[in-house]
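Secondary and tertiary structure notes
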Amino acid sequence: MLYYKELKHPQSNEWVVFIHGAGGSSAVWFKQLKDFMQHFNLLLIDLRGHGKSADLSQAIYKKEYTFKSVTQDIIEVLDHLQMPPAHFMGVSLGTILARQLAELEPQRVKSLVMAGAVTRLTIKSRVLVFLGNAFKKVIPYMWLYRLFAFVIMPRKQHAESRNVFVREAKKLCQKEFIRWFKLTKDINPLLRYFKESDLGIPTLYVMGDQDVMFLEPVKNIVKNHRHAILEILDRCGHVVNVEKPEEFNQLSVAFIHSQS
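Residues numbered from 1 in each chain as written. Predicted model: local features only at pLDDT ≥ 70, side-chain atom pairs only at ≥ 80, totals over all residues. Heavy atoms only, no water.

1. Remarks on the pattern of salt bridges
Filter applied, for reference: Within this document, salt bridges are pairs made up of a side-chain nitrogen of Lys or Arg and a carboxyl oxygen of Asp or Glu, the two lying within 4 Å of each other. Segments assigned H or I by DSSP are reported as helices when at least four residues long, segments assigned E as strands when at least two residues long, and all are numbered from the N terminus. Any residue under 20% of the maximum accessible area for its type is buried, any over 50% is exposed, and the rest in between are partly exposed; the area is computed with a 1.4 Å probe on protein chains only.
For the structure shown, the criterion picks out eight salt bridges. Among the ionic pairs, D79 bridges to R108, the shortest N-O distance being 2.3 Å. Of the two residues, D79 sits in helix α2 (residues 67-81) while R108 sits in the loop between α3 (93-104) and β5 (109-115), which places them 29 residues apart along the sequence. A relative accessible area of 14% places R108 in the buried class. Linked through salt bridges whose partners overlap, the residues forming this network are D79, E105 and R108.

Set out below in structure tokens:
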């Protein structure tokens with residue numbers, strides 16, 4: 001089973017489940033814990049091959065790497081804990097997994113908070129994916145990861161976000177990076193389906209105005225999903241929960257309270 005950590009609130013019955021992105025770990029939520037612990041029970045999960053789940057039995061890595069199978073890893077933890085319906089929070093690729101979980105088992109999901117959401121691959125991101133697939137077996141994965149991190153988070157004020165993800169990505173190995181990168185072939189068909197399918201689950205998108213690769217597609221999806229809300233943070237890039245934690249936490253906590 002994946003590594004997980006529970007932080008329980010003495011009075012609250014509400015749970016928030018945190019899902020990190022590719023190359024990260026649950027450590028990317030460190031600026032959320034203090035504020036969220038004052039209101040909710042928290043469940044932090046490290047995805048397969050990431051963080052403290054990197055040392056798991058090799059049995060889990062023999063499973064097929066698809067968005068559905070990686071999401072089933074999360075569901076296995078929820079089943080083990082007998083988790084009641086909860087609020088799910090994802091960042092970057094973790095937003096795809098949160099949305100996939102809501103698709104597979106909507107009865108588990110009270111609401112979704114999507115930080116730096118990935119809802120469509122633009123031309124720029126498709127070029128990155130093409131280059132990654134072309135060179136993933138011949139170039140050290142950290143070179144590729146640093147390149148991706150810089151392209152997605154290019155500005156000086158994005159440095160902390162880049163450093164957090166690069167630091168956590170170092171815990172991966174080349175083979176694990178390749179396994180995860182192969183998922184990119186499934187992204188566009190899956191995201192196209194998500195755009196067309198409105199589950200009716202209240203969803204808060206929190207995006208940075210400098211998130212040049214992913215902001216515009218989110219604007220388009222919010223127009224078509226009547227249960228979706230978009231909040232845009234000024235002078236902020238892709239990893240909004242790290243760059244603007246105070247604003248992000250305030251918006252997210254208020255939204256979850258409104259759905260509780």
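Here the narrative resumes.
2. What to know about the sheet that holds strand β6 (residues 203-208)
This is how the line gets drawn: The pairing criterion for strands is at least two bridges between them, as found by DSSP. Here, axes are lines fitted to C-alpha atoms. For helices the fit covers the stretch in contact, and angles between N-to-C directions go from 0 to 180 degrees. By the convention used here, residues are in contact when the closest approach between their heavy atoms is within 4.5 Å.
A sheet is described by the order of its strands in space; here seven strands give the open sequence β1-β3-β2-β4-β5-β6-β7, paired in mixed fashion. Pairing within the sheet leaves two strands with one partner each, and these edge strands are β1 (4-7) and β7 (228-233). Here the strands of the sheet are splayed against their neighbours by 15° on average, with no regard to which way each runs. Across four bridges, the pairing between β5 and β6 is parallel. Considered in β6, the bridge of A115 is made with V206. In this fold α3 packs onto β2 (15-19), β4 (86-91) and β5, with an angle of close to 160° to the strand it touches most, β5.

3. Overview of the packing of α2 against α3
Our working definition: Our angle categories are set so that under 35 degrees counts as roughly parallel, over 145 as roughly antiparallel, 65 to 115 as roughly perpendicular, and the remainder as oblique. When residue character is reported, Ala, Val, Leu, Ile, Met, Phe, Trp, Tyr, Cys and Pro are called nonpolar, Asp, Glu, Lys and Arg charged, and the others, Gly included, polar.
With their axes 9 Å apart at the nearest point, α2 and α3 run at an angle of 70° to one another. If you check the angle between α2 and α3, you find them roughly perpendicular. Touching F67, K68, V70, T71, Q72, I74, I75 and L78 of α2 are L93, I96, L97, Q100, L101 and L104, all from α3. Across the contact of α2 with α3, the residue classes tally to 10 nonpolar, three polar and one charged.

4. Structural notes on the side chain of N249
You can see N249 is positioned in helix α11 (residues 245-259). The contacts of N249, once residues within four sequence positions are left out, are K31, Q32, D35 and F36.

5. Side note on the packing of α3 against helix α8 (residues 187-196)
For clarity, the threshold we go by: Note on convention: the crossing is left-handed when the near helix lies turned anticlockwise from the far helix by less than a right angle, right-handed when the turn is clockwise.
Relative orientation of the contacting elements α3 and α8 amounts to 60°, with a least axis distance of 11 Å. Considering their axes alone, α3 and α8 lie oblique with respect to each other. As for the relative orientation of α3 and α8, their crossing is left-handed in sense. The residues of α8 that touch α3, namely those facing I96, R99, Q100 and E103, are L190, L191, Y193 and F194. Residue classes in the contact of α3 with α8 are distributed as five nonpolar, one polar and two charged.

6. What to know about α2
Every α-helix carries 3.6 residues per turn, so stepping three or four residues along brings you back to the same face. Just so we agree on the cut-off: A helix's residues, less one, multiplied by 1.5 Å, set its expected span.
With 15 residues, α2 extends 22 Å between its outermost C-alpha atoms, agreeing within 8% with the 21 Å of an ideal straight helix rising 1.5 Å per residue. Phi turns positive one or two residues past the end of α2, at Q82, with a value near 50°.

7. A word on the pairing of strand β3 (residues 41-45)
Counting buried positions over the five residues of β3 gives five, a clear majority of the element. Going residue by residue along β3, you find N41, L43 and I45 tucked away on one face and L42 and L44 tucked away on the opposite face as well. Relative to β3, β1 runs antiparallel, the two being bridged by four bridges. Along β3, the bridge assignment pairs L7 with L42. Pairing geometry for β2 and β3, over five bridges, is parallel. The residue bridging F18 from the neighbouring strand is L44, located in β3.

8. Quick look at the pairing of β6
Most of β6 is tucked away: six of the six residues are buried. The two faces of β6 match: T203, Y205 and M207 on one face and L204, V206 and G208 on the other face are all buried. Here six bridges tie β6 to β7, and the two strands are oriented parallel to one another. Residue G208 lies in a different strand from β7, and its bridge partner there is L233.

9. Structural notes on the environment of L190
Counting through the fold element by element, L190 comes out in helix α8. Along the chain, L190 and Q100 lie 90 residues apart, while their C-alpha atoms are 8.8 Å from each other.

10. Comments concerning the packing of aromatic side chains
Any two aromatic rings considered together are summarised by their centre-to-centre distance and by the angle between their planes. Condition: Only Phe, Tyr and Trp rings are paired, with Trp represented by its six-membered ring, and only when their centres lie within 6.5 Å; those with planes under 30 degrees apart are stacked, over 60 edge-to-face, the remainder tilted. Comment: the charge-over-ring label is applied if NZ (Lys) or CZ (Arg) is within 6 Å of the ring centre and within 35 degrees of the ring normal.
Counted according to the given criterion, the structure contains three aromatic pairs. With a centroid separation of 5.6 Å and an interplanar angle of 75°, the aromatic rings of F18 and F36 are classed as edge-to-face. With F18 in strand β2 and F36 in helix α1 (residues 33-37), the pair connects residues that are 18 residues apart, well separated along the chain. For the pair formed by F18 and F36, the shared burial category is buried. Through pairs of rings, three or more aromatic residues link up here, namely F18, W29, F36 and F40. Above the plane of the ring of Y65 lies R48, whose end atom (NZ or CZ) is 4.5 Å from the centre.

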